[in-house]
Structure formats: structure tokens, C-alpha cells
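An overview of the molecular structure
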There are 2 protein chains.
Amino acid sequence: MELNLIQNQTRVVDTVRGALRDAILEGRLAPGQKLSVPELSRQLGVSRSPVREAILQLVAEGLAVELPRRGVLVAEFGLQDVAHIFEVREALEVASVRLGAGRATRDDLEALRKLLEEQALQVKRNDLEGYQQTDLHFHKLLGSLSHNPVMERHIGLLKDQSRLALENSARSIAQLERGHAEHVEILAALKARDGERAAEVLLRHFERIRASLGDWLSGR
Amino acid sequence: MELNLIQNQTRVVDTVRGALRDAILEGRLAPGQKLSVPELSRQLGVSRSPVREAILQLVAEGLAVELPRRGVLVAEFGLQDVAHIFEVREALEVASVRLGAGRATRDDLEALRKLLEEQALQVKRNDLEGYQQTDLHFHKLLGSLSHNPVMERHIGLLKDQSRLALENSARSIAQLERGHAEHVEILAALKARDGERAAEVLLRHFERIRASLGDWLSGR
DNA sequence: GTATACGGTTCTACATGTAAAATGTAATAG
DNA sequence: CTATTACATTTTACATGTAGAACCGTATAC
């Protein structure tokens, strides 16, 4: 015999990687925070080996960055990074859909139709949480339309990065931009007792946030 | 102080990864061959830890595949895989060039011009070796035109895979196709003393090989 | 105050140890 | 001959050991 295809003992490294990825995407491990091997090893109750391995895999996935001899940090993304990631996503997803048009099976299309049906309901009842879920799923299906595993892999790598990057940049918009230029403008308007202008600045501010976050809700 | 940006002690794992990658791309480690940690560890004269780590990084780069609890093998690519890889490369490189048209600096364009000049000479003197080098460089420059590091990273990941996949498929074309259908046809023609037909079959055969390998030489 | 030097502590990167799984091999049954 | 089992060997995945680098706090010089 040569092939013993089935075997599925779960490995510690996979569990750890999953746990860390979830923690990063849910923000429980903040961007820029150090991923300390000894500490995580203690917290998770496993030895350092699988923790180190899992962390390096997250680096390969682009969710963390390695500083040789200085440790690994949770990736920090700025607005520029979001733009870059989305340029690549756009290129890949557009290509995937274009190829997929000629390759999609009856089942592929049916799955998409069903998903949109569900999404329509969620829009009606303002179910933001659920909407994001189905939206994620929808994009995942679009990516698999091409029936090209290489395409799916690259799109998949960018998906998690997008999530993280958008949360980061949302924060950086909310904190940096609001914290500076616009706060100053609002204060100036208030000082001048110009309520109309202050309101206008605040509106513009929210519009910018919405413009950036809009992608998070609709584009992914 | 907070940032001590410069520090460059070379790590064993980087050396090992480089050595293994070169060995794979040069065919010294054949597709499907097992990357045995203890054996490579002995051969390279380092302990098992950095070897294991380097191997896992090659998996992340797509140059090797992992079979949990059974080891890691040098990636094997078929014609289908080549097609998939090139679909993604096309999507990314086209997008990169499109974006790059609006972003390329004077220096970017000058570098491309100079490279093409060099390449023209190589074509004239039939310098295949050199041509492949400059061609690789040319595509690399095209990828960097977008000034998008995410784009460059994904294109870079696909570049090595392409090289490996094309060598594999070249072999599979040469061996499988020639080994079967066409060999049979040629033999049949020879048996019939039909030299003209045998020659024609052989020509078609080479044309197919050239069509596939053409990408390797021109498309990269 | 800022900058530099020192010393203890922690961590990274690599080395080594080891239980359990996988693999190879020979003996045996069909 | 092929298939199965039993046993020895090797390997993987995880655990642990450790030298030297990085970090951190304090002290000292400027």
C-alpha cells in the first residue's frame, strides 16, 4: 500500500493558531501588541514549540509581523495599507467573477441565490451582525466561483487581513482624524458661536468615517 | 529609546530556507520528494529546530505541501496547476501595470527602458540564459510599478511557484504526452513506413512542448 | 534635564529529549 | 503469490534545556 489518505489527529499547533487568529480578529489581541511566546505558552497551557510555530504561521498569513530577534507583533494597518489590500482584493475578486461566469455550476448559482435571499431578510430587519456574516459568505462564494484553488487561497489570505486592517483604520480614522484636524475645527466654530458651521464639520467628519467604513459593511 | 531599527544577525533558519528553496527551484530536490527533517538536519549540520521551521515556511510559500503527521513533500504541479497559477498571476500583473501607469516614477520607467535595451542585445546574440534573467527582472519591475507592497508580495509568492510548476509540467508534458499518445502515433507511422507522417507527428509534438514552455521563456 | 553605562531579567533562536504515530520488514495465513 | 499481523525502526509533534541578544530599571556623567 502507498496511500493512507485518511488520518485526522488534531494537532496542538492548529488549535493554538486558531485561537490566536480569533483573538486577533476579535481585537482581544490589539494591533501592535507583542505575541510573547512564553506568556502565550503559559496562558494556553502548552509548551513553547507549538506556540512559536503558530505565531510564525500567522506571520505568513500577514496577520502579524516579525522583527528578527525582537519578537512578533500583531499587524498594524493604516489607511494606506487598507487601500493597498483592497486594490489586490479587487483585482483578484474581479478576475474570479469573470472566470467564474463561465465555470459556475448550477449549485454555485443556487447557493448564491439562497444567500442573497437570506441577506434581503437581514436588511429588512436591520440585522447588522447577520448581514456581515452573510456578506462574508457571499464574497467567499464569489471567490470560489473561479474553481481555481490558487485564486481562492490568495483571496482567502487577503480576507482576514482586510478585516483586521479595516478595524485598525476605523480606529485610526476615528481617533487620529477626529482627534486632530476636525476637533480643532469644531472647537474653532464653537468658539465663534457658529453652531451651523460646527454641525457641518461634524457631519463631514461622520461622512468620512462612513465612506471608509462603508466598504466594511457593503464591499465586505 | 524605543526603536533600534538596525540589527542584522543572520539567523540559521533564513540560511536553511534559502538553501532549501534554491535546491527545490534548481530541481536538486525533486517534486514529490520528502523533506525529511532529521536527514536535512544532518546534511546541513544544524539542529532540527531551524530545519523544521524553514520547511514550514516553504509550505507557506507554496513550494511544499504538508501531510500532517506524515511529513512535508516538495510540491508537485500538473498542467492544471500551471493554468491556475497563471490565471492569478495574470490578474495581479495586469492590475499592477494598470495602476502603475498612473504611479510610475521617472526612475521606474528609466529602469524598464534600460532593461529592455539589455534584453534586445541578448535576443540578438541568442543568450537564452541571460534573457531569462532579464525577463524575470522585467516582470519583477512590472509588479512593483503599482507601488503597492501587498501586490508585490502576492506576485512574488506566485513567481517561485510558477518556476517550479513550469518545470514540473514541462516534465509532465515531455514524459506523459510524449510517452504515450504521440509515441504511439510515431511508432504507427514508422511501421507503415510513412516517414512524412512520423515527422509531422514529431513536429506537432515539439510544437506543443514549445507552446507550453513558451510562457516560461517569454511570459516568464 | 538628556545621555550613557551597568546589571539583572526575560526572551529569542537554536539544541536536544521523548511519547506516540507512521513506516518498514519479516513472519505467517490464506 | 497476495494479504495480514507482529515487531523493530524511524519520524513527527511537542516538551524542555540553554547561550547570547534584547530589554528594563537604576545609577552615573554630562
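Below: a short report on this structure. (Residues numbered from 1 in each chain as written. Chains lettered and ligands numbered in written order. Predicted model: local features only at pLDDT ≥ 70, side-chain atom pairs only at ≥ 80, totals over all residues.)

Overview of the nonpolar core
In this structure, A:I55 and B:I55 are the most contacted members of the largest nonpolar core, which totals 61 residues. Only α1 (12–25), α3 (48–61), α4 (79–103) and α7 (149–191) of chain A together with α1 (12–25), α3 (48–61), α4 (79–103) and α7 (149–191) of chain B provide two or more residues apiece to this core. Every residue in contact with A:I55, bar those within four places of it in the chain, is listed here: A:L20, A:L35, A:V37, A:A64 and A:V72. (Core = buried A, V, L, I, M, F, W, Y, C linked by C-beta atoms within 7 Å. Buried ≥ 20, exposed ≤ 12 C-beta atoms within 10 Å, placed from the backbone. Helix = DSSP H or I, 4+ residues; strand = E, 2+ residues; numbered from the N terminus. Contact = placed C-beta atoms within 7 Å.)

Some remarks on the protein's contact with DNA strand D
In the vicinity of DNA strand D lie 20 residues, with A:R11, A:V12, A:S47, A:S49 and B:G71 positioned nearest. Looking at the surface near DNA strand D, the elements with two or more residues in it are α1 and α3 of chain A together with α2 (37–44) of chain B. For the surface near DNA strand D, a count of residues per class yields seven nonpolar, seven polar and six charged. (Near = placed C-beta within 6 Å. Nonpolar A, V, L, I, M, F, W, Y, C, P; charged D, E, K, R; others polar.)

Details of the interface of chain A and chain B
By a widely used convention, the size of an interface equals the accessible area lost when the partners come together. With 22 residues of chain A at the contact, the number on the chain B side is 22 residues. Secondary structure elements with two or more residues in the side of chain A that touches chain B: α3, α4 and α7 of chain A. Ranked by residues supplied to the side of chain A that touches chain B, first place goes to α4(A) with eight residues. Residues that form the side of chain A that touches chain B fall into these classes: 12 nonpolar, six polar and four charged.

Quick word on the protein's contact with DNA strand C
Among the 20 residues in the neighbourhood of DNA strand C, the closest are listed as A:G71, B:R11, B:V12, B:S47 and B:S49. Of all elements in the fold, only α2 (37–44) of chain A together with α1 and α3 of chain B reach the threshold of two or more residues within the surface near DNA strand C. Looking at the surface near DNA strand C residue by residue, the class counts come to seven nonpolar, seven polar and six charged.

Overview of the packing of α1(B) against α3(B)
Residues and elements named next belong to chain B. α3 packs onto α1 with a crossing angle of 50° between their chain directions and a minimal axis gap of 8 Å. Between α1 and α3, the crossing angle belongs to the class labelled oblique. Relative to α3, α1 is oriented so that their crossing is right-handed. On α3, the residues that touch V12, V13, V16, R17, L20 and R21 of α1 are P50, V51, E53, A54, I55, Q57 and L58. Partitioned by chemical class, the residues of the contact of α1 with α3 number nine nonpolar, one polar and three charged. (Axes fitted to C-alpha atoms, helices over the stretch in contact; angles between N-to-C directions. Parallel < 35°, antiparallel > 145°, perpendicular 65-115°, else oblique. Left-handed = near helix turned anticlockwise from the far one by under 90°.)

Regarding α4(A)
Relative to the 36 Å expected for 25 residues at 1.5 Å per residue, α4(A) spans 35 Å between its end C-alpha atoms, a close match to the ideal helical length. Of all the residues in α4(A), the buried ones are A:D81, A:V82, A:H84, A:I85, A:V88, A:R89, A:A91, A:L92, A:E93, A:A95, A:S96 and A:G100. (Expected span 1.5 Å × (residues − 1).)

A look at the relation of the copies chain A and chain B
Expressed as a screw transformation, the operator carrying chain A onto chain B has a rotation angle of 180° and an axial translation of 0.0 Å, and the superposed copies differ by an RMSD of 0.1 Å. What we have between these two chains is a two-fold relation. (Least-squares fit on C-alpha atoms with pLDDT ≥ 70 in both.)

Describing the pairing of strand β1 (residues 64–67) of chain A
All names here are of chain A. With four bridges connecting them, β1 and strand β2 (residues 71–74) associate as antiparallel partners. Note on β2: the bridge partner recorded for L67 is G71. Following β1, the chain reverses through three residues before pairing antiparallel with β2; R69 in that reversal takes a positive phi of roughly 65°. (Pairing = 2+ DSSP bridges.)

That is the geometry; function is a separate question.
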